Amino acid sequence: MKRSGHIGAKLSEFPDRLHAVANTGLTTPPDLKPDVLRIIPLGGLGDVGRNMSCYEINGEMLLIDCGVLFPEDDHPGVDLLLPGLDYLDDEKLAKVKALVLTHGHEDHIGAVPYLLKRRPDIPIYGSKLTLALVEAKLREHRIRGYKLNVVHEGDVAEVGEQFDLEFIAVNHSIPDALAVCVRTDAGTLINTGDFKMDQLPLDGRITDLRAFARLGEEGVDLFMVDSTNAEVPGFVKSETEIEPAIERVFEKANKKLIVACFASHVHRVQQVLNMAVRHNRKVCYVGRSMVRNMAVAQELGYLHVPDNTVIELRELDHYRDNEVVIVSTGSQGEPLSALARIANREHRDIEVGEGDTVLLASSLIPGNENAVYRVINGLTKLGATVVHKGNALVHVSGHAAAGELLYAYNIVRPRAVMPIHGEVRHLVANADLAKATGVDEKNVVLVEDGGVIDLVDGVPRVVGKIDASYILVDGSGVGELTEDTLTDRRILGEEGFLSVVTAVDTRSATVVSRPAIQARGFAEDDSVFAEITDQIVTELENAMKGGMDDTHRLQQVVRRTIGRWVARSLRRRPMIVPVVVKI
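Note that the structure is predicted; figures quoted are calculated from it, not measured.

Participant: Which residues make up the sheet that holds strand β18 (residues 385–387), and what are the values?
Facilitator: Across the sheet, 6 strands lie side by side as β15-β14-β16-β13-β17-β18; this open sheet has parallel pairing. The outermost strands of the open sheet, each flanked by one partner alone, are β15 (310–311) and β18. By the bridge criterion, 4 bridges tie strand β13 (residues 257–260) to strand β17 (residues 357–360) in an arrangement that is parallel. Across the sheet, residue Leu257 finds its bridge partner in β17, namely Thr357. Sheet strands in contact with helix α9 (residues 288–300) are β14 (282–286) and β16 (324–328), and its direction is about 120° off that of β14.

Given below as C-alpha cells:
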C-alpha cells in the first residue's frame, strides 16, 4: 500500500458553515473512482448517539462503531434508533472487511446485533472489554458464527488489501477505549472515538498523546474528532476530583442509598464499591445490563470487587437500609429502567421513601433532560434526597472539552478536520476550534449523517448525500415502524381519536343510520359533536345524489367534514377513523 503525499488542492468553498452541515442541494454521489476513499457517517453527526461511519476504497469497506440512540418524547413506543444500516445492502455488506469498535458504550456497540443478523461473519476488532460486552449482547440475540478479534493499544492490523489499522489508547469514561488510525492509498485518517485527556485516571491509562504526535509527524490527512464537549471551555476535571463529593453523599446518607449511573461506567462503579467498603455497606446491582456488564468487567479484571461486598437482589431484605448501597441503571430517565420504575413505585423489590438518598452519578445526554427531571421529581415527591450534577460535583464527563481539543489539534497538526459525534452546535464549535489552531477553513469538513466525503490524494471534499435516516426498533420489529405510523402515534397522544360510524343506502341516496361519534382523548363531552352530525348527513347525501357510491370516497367525505369542524371549533387535529356501511 502506498503512503499518501502532502495535501494538494483545497476543498471547494462552502457558502457558509450551516449550509455545509446541512449539505443543502447535494445529490446522489458519483460513482467511486479507483484509489479514492469514500467516507460516509451513518450516525452520530447531528445526534449524540447511534455512532457509525463507513469507509470504502477499491471495492473494500471498513466500518467503525455501530451504536444506538435512545428514543426521546417524540418517538412514542420506540425502543431504539439505529444508524443508517439500510445503506449497507447485500452488495455492500459483501464488501465489508471488518467492523472496528472504539469502546463499549451503547451508542457505539448497541446496534452490532442488528448488523450481524444480516451478516454474522463480519470480523469485529476491539479491545478485550469492548468485545466481551459485545459478545454478551450477541448471545442474548442468539447470533452465532461471529468473529471477534481482540486488539490492544499499539497493535497494527491489515484488514483486507486496502486498510492498515493502528490502535491508540485513549481515556474515556469506560476502560479500554481506543482511537484508530486508518491508512489507505488515498490518505491517512484518525478517528478518535470518544476521548478525553484525564491526567489522573482511576485505571492509570491515559490518552496516548505520544502516538498522536508520532502520527502527526508522519502526516494525518483527515482528523475525525469527538465533538460532544466542544462548547465546554477549559478541561474536564479528573475522575479523582469527584470522590470527595461522593464521600459526602455516603456520610450524610443514614437510610437507603441508591446510586444510578451508566451500566457500562466501570470506573464509577469501582468508586462506589470502594466507598461502600469504607462505610460498611454491601453493594447490590439492579438492572439487567448493570448486572451483566459488571460481571463481565469483574471477570476480566477491570472491576476489583472486595470479598463479601456484592450481594444479590434477593438478599436485600436480610440487611437494614443503612447497610446497603444499590447501584442501579436509569441515570438518563429511561422509562423501563430500574430507577424509573422505583420513582414510579413500579419496582417489585425496591421502594424509596422519606430520608432515603439517590445519587445520579452521570451527566445529562442532550435530549434526555425531560425524562431525567421526571425521575428526579418522582423520587423527590416520595421523600428522597436526590443528588445530581446540577447540585453537586458527582460526575465528570468522558469527553474532551475545548482546551483538550485544542491540544489534540496542536499535537496532530492535521491537514484537514472532520468533527464527529455530536449535535450540529457541537460540530460547529469543534470546527471553530480546529480553525483557531490554523486548520484552513476550506479543509474543515462539516456534514451531518449521510454526507458523502471523498478523500483523493489526501484531500477531502463533500461530493453528495445518501439517506442515513433513523431505523426504528419497536419490540421485535426492526425498520417496520414508518414515519407515518410514528406520526399517527404522536397524533393519538397529543390530539386524540375520533371514530364516526354511519350506514347509507346509495340507491336512494339517504343516510339510514345517523352518524355515531365516539371520542377518546377529548376533554369535551361527546354531546359537543351533536351540531356536526346533521352536517355530516347533509354532505353524505349530497355526495350520493351526485353519483358517489364508493364507500371509501364517502368515508373521505366524513373525514373532511368532521375534520374541518373539529379544527375550527375545538382547535384540534385528531386521528379520525370514519366507517361508512353501504346497505
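After presenting the structure, the write-up continues.
Participant: Which residues make up helix α13 (residues 424–436), and what values do they have?
Facilitator: Under the 1.5 Å per step criterion, the end-to-end length of α13 is 18 Å for 13 residues, consistent within 8% with the ideal 18 Å. All of the buried residues in α13 are His426, Leu427, Val428, Ala429, Asn430, Ala431, Leu433 and Ala434. Within two residues after α13, Gly438 carries a phi angle of roughly 110°, on the positive side.

Participant: Could you give an account of empty space enclosed by the protein, with specific residues and numbers?
Facilitator: One pass over the full model with this rule turns up 1 cavity of 30 Å³ or more. Its boundaries defined by the atoms lining it, the largest cavity holds a volume of some 80 Å³. Residue classes in the lining of the largest cavity are distributed as 7 nonpolar, 5 polar and 1 charged.

Participant: Pulling in residues and values, what's your account of the pairing of strand β25 (residues 510–520)?
Facilitator: By the bridge criterion, 8 bridges tie strand β24 (residues 497–505) to β25 in an arrangement that is antiparallel. Note that in β25 the partner of Leu498 across the bridge is Ala519. The hairpin formed by β24 and β25 contains 4 residues between the paired strands, and Ala509 there has a positive phi angle of roughly 55°.

Calculation rules
Residues numbered from 1 in each chain as written. Predicted model: local features only at pLDDT ≥ 70, side-chain atom pairs only at ≥ 80, totals over all residues. Heavy atoms only, no water. Pairing = 2+ DSSP bridges. Helix = DSSP H or I, 4+ residues; strand = E, 2+ residues; numbered from the N terminus. Contact = heavy atoms within 4.5 Å. Axes fitted to C-alpha atoms, helices over the stretch in contact; angles between N-to-C directions. Expected span 1.5 Å × (residues − 1). Buried < 20%, exposed > 50% of the residue type's maximum accessible area, 1.4 Å probe, protein only. 1 Å grid on protein atoms, 1.4 Å probe; cavity = no way out; pocket = protein on both sides within 12 Å on 5 of 7 lines; lining within 4 Å. Points joined across faces, edges and corners; volume = space filled by probe spheres on them. Nonpolar A, V, L, I, M, F, W, Y, C, P; charged D, E, K, R; others polar.

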